[in-house]
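What follows is each chain in one-letter form.
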Amino acid sequence: MKPSLIVHGGAWDIPDEAVDACKAGCERALAAGWSILTQSGSALDAVQAAVIVLEDDPAFDAGFGSHLTLDGHVECDAIVMDGTTLRAGSVAALRRIRNPIRLARHVLENCPHMMLVADGAERFAADQGLELCPPDNLIADAERDAWLKCRNSKHAAAHHRGHEQGTVGAVALDSHGRLFAATSTGGTCCKLPGRVGDSPLIGCGCYADAEVGGVSCTGYGEAIMKVVLAKTTADFLRRPVGTDPNLSPSILPKPATPDVASLAAREAVSVLAKRTHATGGLILLDRKGNPGFAFNTPRMAYAYVADGKFIVGI
Ligand code: ASP
């Protein structure tokens, strides 16, 4: 089977001055995952490697450089899902884990449960031999400055360099036919401590089913949860767009290449827009590895491989 990989760095109002950093970060993430897949490595290793690059990059809202809560802490959420077994490893409200996706994988592989949060998740991390860092080590200067501005007046996107969101994600299909999807986030800026959005929730911020495809979402979590966006997208892959007479047509423009993957992505974001009036985006691979993406935000950073070439967009 031909391997395939797609990554994203969040759908939001990416300001012009952040475009290069977001594209470069997505390209590096794609390269990290792709070098694994081209050496017959596993899709699980590939999504983990790609997401780690994005978590370590303060241009994105995941791991180091995540948005801060109202109390001035980083609280991260992450998930990885196996399309073959439908099993996920999910973690939320982490304050001391530099790469939340690593812990999500430990939950996937070594835990009887599928989701752990806060102190319990960090205790599990320590038991698994993962390093816990001081919470302040996850705070980037730019995010601390943004938080101080919000605290001194009121929360405003302008204080956050124009952006509101910037979750990261990856979906990979390997040469053995295994499909994995992953999502990692610091959540929304100035969120209440303890708030968990869509990202680590199975079917909302992430979904993988080897029979149909894998999906990673980004955008306003409270809206994405309402329409269970990742699973909704997977359902569009199962029953291709146009086959359900009860569904009103998409309000998004037609993709340049109207293949099943692109149409499913567009239709799902259209459901988000129509039913919640919110913004967001998603990436996907269908079960054969065909990539698709859609967003109704001004921009979304993404990268995928087509015919061996890296396509990076925003
Ligand atoms: N969906 C994320 C959340 O609500 C934010 C994002 O995608 O940027 O936590």
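Quick note: structure is the one above.
Small disclaimer: the values here were computed from a predicted structure and weren't measured.

Trainee: I would appreciate a short explanation of the overall build of the chain in the present structure.
Mentor: When helices and strands are tallied, the chain shows eight helices and 12 strands. The C-alpha atoms of the chain give a radius of gyration of 18 Å, which matches the 20 Å a tight globule of 314 residues would have. When the backbone C-alpha atoms are referred to their principal axes, the chain occupies close to 50 × 40 × 35 Å. When each of the 314 residues of the chain is scored for burial, the buried share is 57%. A separation of at least 24 residues holds for 67% of the contacts in the chain among residues at least 6 apart in sequence. A distance of 4 Å separates the average location of the 30 positive side-chain charges in the chain from that of its 35 negative side-chain charges.

Trainee: Please clarify how the pairing of strand S3 (residues 88–94) should be interpreted in this entry.
Mentor: Where a strand is regular, its side chains alternate between the two sheet faces. Taken across its seven residues, S3 has seven buried, putting it largely inside the fold. Across five bridges, strand S2 (residues 76–82) lies against S3 in antiparallel orientation. In the sheet register, Val 80 faces S3, and the bridge partner there is Gly 89. What sits between S2 and S3 in their antiparallel hairpin is a turn of five residues, with Leu 86 showing a positive phi close to 65°. Pairing analysis gives three bridges linking S3 to strand S4 (residues 115–117), with the strands arranged parallel. From the neighbouring strand, Ala 92 faces S4, where its bridge partner is Val 117. In this fold, S3 hands off to helix H3 (residues 100–110), which returns the chain to S4; that crossover is left-handed.

Trainee: I tried to follow the nonpolar core on my own but got confused; where do I start?
Mentor: When a protein is soluble and globular, its nonpolar side chains tend to lie buried together. By size, the foremost hydrophobic cluster in this structure holds 48 residues, and its most contacted members are Val 7, Val 80, Ile 101 and Leu 103. Of all the elements, helix H2 (residues 43–56) adds the most residues to this core, at nine residues. Setting aside residues up to four positions removed in sequence, Val 7 forms contacts with Cys 26, Leu 30, Ala 50, Gly 169, Ala 170, Ile 283, Ala 301, Tyr 302 and Ala 303. The next biggest cluster of nonpolar side chains, apart from the first, holds 40 residues, and it includes Ala 208, Leu 284, Ala 294 and Tyr 304.

Trainee: Is there a simple way to think about the pattern of salt bridges in this case?
Mentor: Close approach of charged atoms lets side chains of opposite charge pair. Under the criterion given, the structure shown has 11 salt bridges. Put simply, Glu 109 and Arg 105 hold a salt bridge, and the shortest N to O gap is 3.3 Å. A residue pair is termed a helical-turn pair when its members lie 3 or 4 positions apart in one helix, as Glu 109 and Arg 105 do in helix H3 at four residues. On the accessibility criterion, Arg 105 (16% relative accessible area) is buried.

Scoring rules and cut-offs
- Counting restarts for each chain, with residues numbered from 1 along the sequence as it is written.
- With pLDDT at 70 or above as the cut-off, local features in this predicted model cover only qualifying residues; side-chain atom pairs require 80 or more to be listed or tallied, and sums for whole chains, interfaces and linings still use all residues.
- Here the side-chain values reflect all heavy atoms present in the structure, with hydrogen atoms and water set aside.
- Secondary structure elements follow DSSP: runs of H or I no shorter than four residues count as helices, runs of E no shorter than two count as strands, and numbering proceeds from the N terminus.
- We compute the radius of gyration over the C-alpha atoms and compare it with the globule rule, which gives 2.2 Å times the number of residues raised to the power 0.38.
- Note on exposure labels: buried denotes an accessible area under 20% of the residue type's maximum, exposed denotes more than 50%, and partly exposed covers the range between, all computed with a 1.4 Å probe on protein chains only.
- Contacts are assigned to residue pairs that have any heavy atoms within 4.5 Å of one another.
- Counting rule applied: Lys, Arg positive; Asp, Glu negative; His and chain ends not counted.
- Lysine's charge is taken at NZ, arginine's at CZ, aspartate's at CG and glutamate's at CD.
- Only when DSSP finds a minimum of two bridges between them are two strands counted as paired.
- Orient the strands so they point away from the viewer, and a crossover whose first-strand-to-second-strand path over the helix runs clockwise is right-handed.
- In this description, a nonpolar core means a group of buried Ala, Val, Leu, Ile, Met, Phe, Trp, Tyr and Cys residues linked to one another through side-chain atoms lying within 4.5 Å.
- By definition here, a salt bridge exists when the distance from a side-chain nitrogen of Lys or Arg to a carboxyl oxygen of Asp or Glu is within 4 Å.

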